[in-house]
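# Coordinate analysis (summary)
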Amino acid sequence: MTAIDVRGAAKVFNPGRSNQVEALSEIDLSVESGEFITLIGPSGCGKSTLLRLIASLISPSAGSVYVNAKPAEQARLDRDYGMAFQAAGLFDWRTVAKNIELPLELMGWSRGDRRRRSAEMLDLVKLGEFAKHHPSELSGGMQQRVAIARALAFSPSLLLMDEPFGALDEMTREHMQDELLRIWEETGTTVVFVTHSIPEAVYLSTRVVVMSPRPGRIAATIGVDLGNRSAATRDDTAFFKKVTEVRVALRSVEG
Amino acid sequence: MNALKGFSAPIAAGVVIFGLWQGALSLLDPDGFVLPAPSEIVGALVDNWDEVYQGTRITGFVVVSGLVAGIVLGAAAALLVTRFRTANETITPLAVALNAVPIIALAPIFNNWFGLTSPRSNQAIVVALVFFPIFINTARGLARVDPSQVELMESYAAGRWRITREVRIPHALPFFFTALKLATSLAVIAAIVAEYFGGRQDALGPMITQSAGLTRYDEAWAAVLAGAGIGAVLYGVVLVLERVAMPWHSLLRSRRGEP
Ligand SMILES: Nc1ncnc2c1ncn2[C@@H]1O[C@H](COP(=O)(O)OP(=O)(O)OP(=O)(O)O)[C@@H](O)[C@H]1O
Ligand SMILES: [Mg+2]
């Protein structure tokens, strides 16, 4: 099944005004259910904008966006996806556990189910003992992990993640990458993932989408077939070859 | 317990100030009517306890009822203008313009509307004075939320009211309480000054003007002290409510290194 179908999509911010920005142009992207897609490209090339189009948080200026064979807006109303934003975006007034339970509350889960789920998710991101803390008592990386746990909490069929590991140290980052891959394999979720890190893109994805700036376009799509990932993958020559391939593609778009 | 800690420093400062006041007066010994010593004021308070108590009840009721009505109206208007664009475009400029009116100066006019001896005019003055800071600050807090938090709620297909409840109201609470602290002292001032011009004659305001007119300054000061008492008690109540309503807020402040 096709999870995401973007056809001829464009996005112009503030059209007709002096601060007009052509953020995206002629975007065609089709993502099969169960794929792990990474968007990579220079800062300002429209990665977050594309993600927000898919999430139906903004609407395209031209073209169409379908998610799970429905208009993106309907998919949003059906809560088909979970999202982790570039900034953690936690609510200071809720404890860490209650932040993770927020989407579950909105979906009408019972209190007991919510408790159990948030405890599971906190263990997953290794923050079990911080359940009752408030976000302001956590480091930036810890907050980001809570945001990831929140996005995963209701096991959505589609995960949209905007540089979710940007604030993490290298070890935690690799651990979270492996956890994300494990969840992805276990649940068959479709993932669209934005990153600035080429090795991260190659390690995680089935397909790397390279974007070029002003206006944002898809410059290249690079399939990655490295089989099951493990610690050894990161030292594999096939892995390094892919990293080089993506780097070359990125260099050409940055001109 | 934490709430008590907040009170000990101002109480200590008050004791020091009253001590200096009493000491300076006994050293300099000016004519009695300039400024009575704290001991004389306390004496007048004890001697006139029944009148002062009655006045405090009357004025206290005007303050509290006006404060509550002003808070409810101000917060409701803030929610309204945040929810409806047209409400925002009509009410907000009007409120800003009305806010420039020296409301307290309207006290004699309000008396005409509600009757010279009715406390209603005084309540109305308090409501009007409390309304504006509550309305303007709360509306600001409701509007200036982190857009990504609103987007997050939209990604969960949350409705507007749910977004207001989960994001806007918690975000507006610190703004609301800042305004509320300002409003409590405004309310006491407004009530007493309004009472100078009318309302019940056994309230604190008339007690101050009448005692001063009869050169019984110690009694006038005793009534002022009672008014200050109303303000202090209300301020304390607001501090406690603030801590109960926003337990996370002291964490945030300590993280930013604020007291
Ligand atoms: N709400 C908005 N209003 C106006 N312009 C916007 C808006 N959001 C994004 N833009 C513009 O669109 C372009 C693409 O922004 P976007 O955030 O999608 O980039 P990005 O690829 O995610 O960059 P980064 O890697 O730095 O996060 C930028 O030029 C940005 O200024
Ligand atoms: Mg971005």
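What you are looking at is a predicted structure, and each value in this text was computed from that prediction instead of being measured.

### Let's talk about the domain arrangement of chain A
Residue and element names in this part refer to chain A.
- For chain A, the domain assignment lists domain 1 (2-80 + 159-254) and domain 2 (88-155).
- Just the C-alpha atoms count here: the centres of domain 1 and domain 2 sit 24 Å apart.
- The interface of domain 1 with domain 2 comprises 13 residues on the first partner and 13 residues on the second.
- In this structure, the connection of domain 1 to domain 2 is made through three residue pairs in polar contact (both at pLDDT 80 or more).

### Side note on the nonpolar core
- Grouped together as the largest cluster of nonpolar side chains are 148 residues, with contacts concentrated most on Leu 160 and Val 210 of chain A.
- Each of two domains, domain 1 (2-80 + 159-254) and domain 2 (88-155) of chain A, supplies a minimum of three residues to this core.

### Focus: helix α2 (residues 38-47) of chain B
Residue and element names in this part refer to chain B.
- When we look at burial in α2, the residues that qualify are Pro 38, Ile 41, Ala 44 and Leu 45. Summarising the axial view, the buried residues of α2 lie within an arc of 120°, below the 170-degree limit, and thus occupy one face. α2 presents Val 46 and Asp 47 as exposed residues on the side facing more than 90 degrees away from its buried surface.

### Examining the site of ligand 1
Residues and elements named next belong to chain A.
- Around ligand 1 lies a shell of 14 residues, among which Ser 43, Gly 44, Lys 47, Ser 48 and Thr 49 are the nearest.
- His 196 places a side-chain nitrogen or oxygen 2.9 Å from an oxygen atom of ligand 1.
- Relative to its unbound accessible area of 630 Å², ligand 1 is 67% covered by the protein chains.
- Counting residues per element, the ones that place at least two in the shell around ligand 1 are β2 (21-32) and α1 (47-54).

### Describing the packing of aromatic side chains
- Within this structure, the stated rule accounts for 15 aromatic pairs over all chains.
- Ring plane angle 90° and centroid distance 5.2 Å describe the contact between Phe 131 of chain B and Phe 132 of chain B, whose orientation is recorded as edge-to-face.
- Among the aromatic side chains, those forming a connected cluster through ring pairs are Phe 36, Phe 165, Trp 184 and Phe 193 of chain A.
- Here the guanidinium or amino end of Arg 234 of chain A rests over the ring plane of Tyr 203 of chain A, the centre of that ring lying 3.7 Å away.

### A closer look at the packing of helix α3 (residues 49-83) of chain B against helix α6 (residues 120-143) of chain B
Residue and element names in this part refer to chain B.
- At a minimum axis distance of 6 Å, the contact between α3 and α6 shows a crossing angle of 35°. When you trace α3 past α6, the crossing you get is right-handed.
- Among the residues making up the contact of α3 with α6, the classes are represented as 21 nonpolar, eight polar and no charged.

Thresholds applied
The written sequence of each chain sets the order in which its residues are numbered from 1. Labels are handed out in written order, letters beginning with A for the chains and numbers beginning with 1 for the ligands. Totals for whole chains, interfaces and linings use every residue, but because this is a predicted model, local features are given only for residues with pLDDT of at least 70 and side-chain atom pairs only at 80 or more, for both listing and counting. Side-chain metrics in this entry use all non-hydrogen atoms of the structure; hydrogen atoms and water are not considered. Domain ranges listed in this record stem from an automatic or a database domain assignment. Any two residues whose heavy atoms approach within 4.5 Å at even a single point are treated as in contact. For the purposes of these results, a polar contact is taken to be a pair of N or O atoms within 3.5 Å, where, inside protein, one atom must be able to donate a hydrogen and its partner to accept one; residues adjacent in sequence count only when each atom of the pair is a side-chain atom. Here, the term nonpolar core denotes a set of buried Ala, Val, Leu, Ile, Met, Phe, Trp, Tyr and Cys residues that are joined through side-chain atoms within 4.5 Å. We call a residue buried when its accessible area falls under 20% of the maximum for its residue type, exposed when it is over 50%, and partly exposed in between, using a 1.4 Å probe and counting protein chains only. Each helix is a run of DSSP H or I of at least 4 residues and each strand a run of E of at least 2, with the numbering of both proceeding from the N terminus. When we speak of the arc, we mean the arc of directions from the helix axis to the C-beta atoms. Definition of nearness: a residue and a molecule or strand are near each other if at least one heavy atom of the residue lies within 4 Å of the molecule or strand. Here the Shrake-Rupley method, with its probe set to 1.4 Å, supplies the accessible areas, and only the displayed protein chains count as covering residues. Each Phe, Tyr or Trp ring (for Trp, its six-membered ring) is paired with any other whose centre lies within 6.5 Å, and the angle between the two planes then decides the class: stacked below 30 degrees, edge-to-face above 60, tilted in between. Two thresholds decide whether a charge sits over a ring: the Lys NZ or Arg CZ must be within 6 Å of the ring centre and within 35 degrees of the ring normal. To get an axis, fit a line to the C-alpha atoms, keeping to the stretch in contact for a helix; angles then go from 0 to 180 degrees between the N-to-C directions. Each crossing is labelled by how the near helix is turned from the far one, with a counterclockwise turn of less than a right angle marking it left-handed and a clockwise turn marking it right-handed. Under the grouping applied here, Gly and all other residues not named as nonpolar or charged are polar, the nonpolar ones being Ala, Val, Leu, Ile, Met, Phe, Trp, Tyr, Cys and Pro and the charged ones Asp, Glu, Lys and Arg.

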